Amino acid sequence: MPEEPVSLLTSDGVRLAARHHPGPADGPCVIVGHGFTCSQRMKELRHIAGILGRDAAVLALDFRGHGGSGGLSTVGDLEIHDLQAAVEWAGSRYRGVAVVGFSMGASAAIRHAALMGGVDAVVSVSSPARWYYRDTVPMRRVHWAVESRLGRAAVRIGRRTRIAASGWDPVPEAPNEVIGRISCPVLVVHGDADGFFPVDHGLTLYEAAGEPRELWIEPGFGHAEIAASEDLIARISAWVHATVSGRLRS
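Residues numbered from 1 in each chain as written. Predicted model: local features only at pLDDT ≥ 70, side-chain atom pairs only at ≥ 80, totals over all residues. Heavy atoms only, no water.

*Asks:* Looking at this structure, how should I read the overall build of the protein chain?
*Replies:* Counting secondary structure elements, the protein chain contains nine helices and eight strands. A globule of 250 residues ought to have a C-alpha radius of gyration of about 18 Å, and the protein chain, at 16 Å, matches this closely. Once the C-alpha set of the protein chain is aligned to its principal axes, its extents read approximately 50 × 35 × 30 Å. Looking at the protein chain as a whole, 58% of its 250 residues are labelled buried. Only carbon and sulfur atoms are counted for the fraction: they give 53% of the accessible area of the protein chain, which is about 10400 Å². Where the 25 positive side-chain charges of the protein chain centre and where its 27 negative ones centre are 7 Å apart. (Helix = DSSP H or I, 4+ residues; strand = E, 2+ residues; numbered from the N terminus. Rg over C-alpha atoms; globule rule 2.2 N^0.38 Å. Buried < 20%, exposed > 50% of the residue type's maximum accessible area, 1.4 Å probe, protein only. Areas by Shrake-Rupley, 256 points an atom, 1.4 Å probe, with all protein chains shown as cover. Lys, Arg positive; Asp, Glu negative; His and termini not counted. Charge placed at Lys NZ, Arg CZ, Asp CG, Glu CD.)

Laid out in structure tokens, this is it:
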């Protein structure tokens, strides 16, 4: 079946653009959450959705402030409401829902599953474990983009990403502080060549997670969706399908 556009509305009134790749109604749906300044319309995300769509339905969304969605990005805070809207949409149409998040989307996936629940599996790819990490050049650039007026203007023009200028108030709990509250299986994927968040972020998340949990440290893998190989996404897809199907049978 051909893919179709979907419009979602969050509980706090933000209209989101998404794309649905249909699958069997008696099977799971995988929600794809992109990284900061990315979009489900990017070729890398569309390719990832296509691979995941071999085993399940897929719903790929633009987080608030990104791509075709309204609102302003809060860089992982209020994005949990975006995922909740996607989970409710998918859950009303399919048996079983998993979330696969990349970078910012991974931090939102962890926080959503911990604080809101309602999912059968979570895959975190290249997530930060803690906030305000500035020890790499790419992350110092991200902080400049988020925290300065000039930086926000640059990403708005160059990447179509609109960022809330007010910042976090209060500061949300970080992924490593909440991941232990997740009640479904968690897969933590991190590359040993990640230029944004070193591998200790993945190790920290895994150590803080409860069971059932799994950790993949990928040799030579860089950061998030841009660096993800077809083989890696295919293995993630197989893990999601086996994990969610197992929960549905139990």
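On we go.
*Asks:* Teacher, can you tell me more about the pairing of strand S1 (residues 4-9) here?
*Replies:* Across a regular strand the side chains alternate sides, sitting on one face of the sheet and then on the other. In terms of strand pairing, S1 meets strand S2 (residues 15-21) through six bridges, oriented antiparallel. Paired with Val6 across the bridge in S2 is Ala18. Where S1 folds back on S2, the antiparallel hairpin that results is connected by five residues, among which Gly13 adopts a positive phi of roughly 85°. (Pairing = 2+ DSSP bridges.)

*Asks:* Is there a simple way to explain helix H4 (residues 137-147) in this structure?
*Replies:* Along an α-helix, a turn takes 3.6 residues, which lines up residues three or four apart on a common side. Taken together, the buried positions of H4 are occupied by Met139, Val142, His143, Ala145 and Val146. Along the axis of H4, the buried residues cluster in a sector spanning 160°; they form a single face. Residues of H4 that are buried in the fold lie against helix H5 (149-159). (Arc of directions from axis to C-beta. Contact = heavy atoms within 4.5 Å.)

*Asks:* Which parts of the structure should I look at to understand the packing of helix H2 (residues 79-91) against helix H3 (residues 104-115)?
*Replies:* Packed helices, taken two at a time, are described by the angle their axes make and the gap between the axes. Where H2 contacts H3, the axes come no closer than 9 Å and their chain directions differ by 70°. Classified by the angle between their axes, H2 and H3 sit roughly perpendicular to one another. Contacts between H2 and H3 involve Glu79, Ile80, Leu83, Gln84 and Val87 from the former and Met104, Ala108, Ala109, Arg111, His112 and Leu115 from the latter. Residues that form the contact of H2 with H3 fall into these classes: seven nonpolar, two polar and two charged. (Axes fitted to C-alpha atoms, helices over the stretch in contact; angles between N-to-C directions. Parallel < 35°, antiparallel > 145°, perpendicular 65-115°, else oblique. Nonpolar A, V, L, I, M, F, W, Y, C, P; charged D, E, K, R; others polar.)

*Asks:* Would you mind going over the nonpolar core with me for this structure?
*Replies:* Soluble globular proteins tend to pack their nonpolar side chains together in the buried interior. Residues Leu8, Ile31, Leu59, Leu83, Val119, Ile179 and Ile182 are the most contacted members of the largest nonpolar core, which totals 47 residues. Not counting chain neighbours up to four residues away, the residues in contact with Leu8 comprise Val14, Arg15, Leu16, Ala18, Leu59, Ala85, Ala86 and Trp89. (Core = buried A, V, L, I, M, F, W, Y, C linked by side-chain atoms within 4.5 Å.)

*Asks:* Please clarify how the sheet that holds S1 should be interpreted in this entry.
*Replies:* Within a sheet, adjacent strands bond to each other through the backbone by hydrogen bonds, running parallel or antiparallel. Read from one edge to the other, the open sheet built from eight strands follows the order S1-S2-S4-S3-S5-S6-S7-S8, with strand pairing classed as mixed. Whereas interior strands pair on both sides, the edge strands pair on one side only; in this sheet they are S1 and strand S8 (213-218). Between one strand and the next, the sheet's axes are offset by a mean angle of 20°, whatever the strand orientation. Pairing analysis gives five bridges linking strand S3 (residues 29-33) to strand S5 (residues 97-102), with the strands arranged parallel. Opposite Val30, over in S5, you have Ala98 as the bridge partner. Strand contacts of helix H1 (residues 43-52): S2, S3, strand S4 (57-61) and S5, with the helix running at about 165° to S3, the strand carrying the most contacts.

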